[in-house]
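Working through the structure, step by step
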Amino acid sequence: MGEQPIFSSRAHVFQIDASTKKNWVPTSKHAVTVSYFFDSTRNVYRIISLEGSKAIINSTITPNMTFTKTSQKFGQWADSRANTVYGLGFSSESHLVKFAEKFAEFKEAARLAKEKSHEKTGLAGSPSQEVAIRGNTLPVKLGKKKESAPGESLQSSLAPGTLNGTDEDRNTSDTQHAETTAETTQNALPPTYSSSSVSKHWEAELATLKGNNAKLTAALLESTANVKQWKQQLAAYQEEAERLHKRVTELECVSGQTTAIKTHKTELNKTIEGLELALKDKEEELERLKAEVESSNVFYSRKDTLVQKLQDTESRNQLLEAQLSELEQRLESTQQEKEAFRNSLRSLLELLDSKIFELTELRDTLAKLIETS
């Protein structure tokens, strides 16, 4: 009832495979709410996630934990109490960064709370020590300290009051015991007198009391250290018992869902096989496309060569066409000159025919003249 959620996010939850310590096993079928809780009674921070009525994450944050971002959307942390590693897959990198920042913040808060609890435990025995020193405790003859057996020390440190009471109750009982010791000491001291003999007697008694008080202080410090040690061991045993109880509860919940998990695993294996076949087909198609691309590159190189040859042929063709046009012009001019020459020859021939005709007539006339003469 003392726990309140202080930050929540949605993610897919995974746990490391206990057998291989390498593969991740999904503990949620879909994205679930993962929340940070603060237990004001125990002054601890916890990460809790539920899927229905099943607790798939119940991790107490300790100062030695570390949240590691293994990718842009995945992070993990190890819980030694639960003997597992939790993994969270987020929908975006911003959600992962925010969750990691909160983890670091609450980890630091847990460290400060642990230091404060240690300081409080260390100060629990100090009032009785101060009262014992100031009150001049009764002289007690201290012999050699009897070493107690481990069973006796454990029994004394695990008394019912220690198991059930809180730190505040134990501090109150220590203070009351110190006050009672001080009152008894003050009542045991005799009244002071003005005579010198009595003063010397009390000075010697005071010196004896101081020596005994120093011995009692050392014994008290040693017993306080033993009590602190057993308190720490008791807290560790209680946390271990709580962790084992939660682990048993989780295993009982998981054992009821073994069939569903196996069915889900079979379905996932089939899905993985289908994806592998699809991936193989895609790889074959990719190889085919690569071959086509290579052949198209060869065709493109051939095309470039043919285009270059075609351009050379066109340029040669244009040159030949220009030469042909020039030859045609020259031929036409030659034909025109030849026609003109023929016309001039015809005119000369006609002129020659007329001259020959005239000469013939002149010859005939001369012949006639010769005949007549």
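Residues numbered from 1 in each chain as written. Predicted model: local features only at pLDDT ≥ 70, side-chain atom pairs only at ≥ 80, totals over all residues. Heavy atoms only, no water.

Attention now goes to the overall build of the protein chain. Helix and strand counts for the protein chain come out as 7 helices and 8 strands. Split into buried and exposed, the 373 residues of the protein chain put 20% on the buried side. Sequence-distant contacts in the protein chain: of pairs separated by 6 or more residues, those separated by 24 or more amount to 56%. Put simply, the protein chain shows about 27200 Å² of open surface, and 57% of that area lies on carbon and sulfur atoms. (Helix = DSSP H or I, 4+ residues; strand = E, 2+ residues; numbered from the N terminus. Buried < 20%, exposed > 50% of the residue type's maximum accessible area, 1.4 Å probe, protein only. Contact = heavy atoms within 4.5 Å. Areas by Shrake-Rupley, 256 points an atom, 1.4 Å probe, with all protein chains shown as cover.)

By size, the foremost hydrophobic cluster in this structure holds 24 residues, and its most contacted members are Tyr36, Ile47, Ile57, Trp77, Leu88 and Phe99. Breaking this core down by element, the ones donating at least two residues are strand E1 (3-16), strand E3 (32-39), strand E4 (44-51), strand E5 (54-60), strand E8 (84-89) and helix H1 (93-122). Top contributing element to this core by residue count: H1, with 6 residues. Leave out the neighbours within four places in its chain, and Phe99 touches Phe7, Ser9, Val34, Tyr36, Ile47, Phe67, Leu88 and Phe90. (Core = buried A, V, L, I, M, F, W, Y, C linked by side-chain atoms within 4.5 Å.)

The subject of this paragraph is the pairing of E8. The element E8 is largely enclosed, with a buried count of 5 among its 6 residues. With 4 bridges connecting them, E1 and E8 associate as antiparallel partners. Bridging from a neighbouring strand, His12 pairs with Gly89 of E8. With 6 bridges connecting them, strand E7 (residues 74-79) and E8 associate as antiparallel partners. (Pairing = 2+ DSSP bridges.)

Attention shifts here to a nonpolar patch on the surface. The grouping of Leu359, Leu362, Leu366, Leu369 and Ile370 at the surface amounts to a nonpolar patch, some 510 Å² of accessible area in total. Topologically, Leu362 is positioned in helix H7 (residues 258-372). Using a relative accessible area of 46% as the deciding quantity, one classes Leu362 as partly exposed. (Patch = residues over 30% accessible without salt bridge, like charges linked within 9 Å, V, L, I, M, F, W, Y side chains within 5 Å. Salt bridge = Lys/Arg side-chain N within 4 Å of Asp/Glu carboxyl O.)

Our next topic: the packing of aromatic side chains. Each pair of aromatic rings is reported with the distance of its centres and the angle of its planes. Summed over all chains, the structure comprises 13 aromatic pairs. The interplanar angle of 55 degrees and the centroid separation of 5.9 Å between the aromatic rings of Phe14 and Phe74 together place this pair among those described as tilted. Highlighted residues: Phe14 in strand E1 and Phe74 in strand E7, separated in sequence by 60 residues. Given the relative accessible area of 15%, Phe74 is considered buried. Between Tyr36 and Phe106, the ring centres sit 4.9 Å apart and the planes meet at 65 degrees, which makes this aromatic pair edge-to-face. (Phe/Tyr/Trp six-rings, centres within 6.5 Å; stacked < 30°, edge-to-face > 60°.)

The phi angle at Lys21 is positive, at roughly 60 degrees, despite the residue not being glycine. Within the secondary structure, Lys21 is located in the loop between E1 and strand E2 (24-26). Its identity as a non-glycine residue notwithstanding, Asn43 has a phi of 60 degrees, on the positive side. Tracing the backbone through its elements, the reader meets Asn43 in the loop between E3 and E4. With relative accessibility at 36%, the residue Asn43 sits in the partly exposed group.

Applying the stated rule across the entire model yields 7 salt bridges. Note that Arg243 is salt-bridged to Glu240, the shortest N-O span being 2.5 Å. You can see Arg243 and its partner Glu240 sitting in helix H6 (residues 196-255), 3 residues apart, about one turn around the helix. A relative accessible area of 36% means that Glu240 is categorised as partly exposed. With a shortest N-O distance of 3.9 Å, Asp364 and Arg363 are connected by a salt bridge.

The values reported here are purely geometric and, on their own, carry no functional implication.
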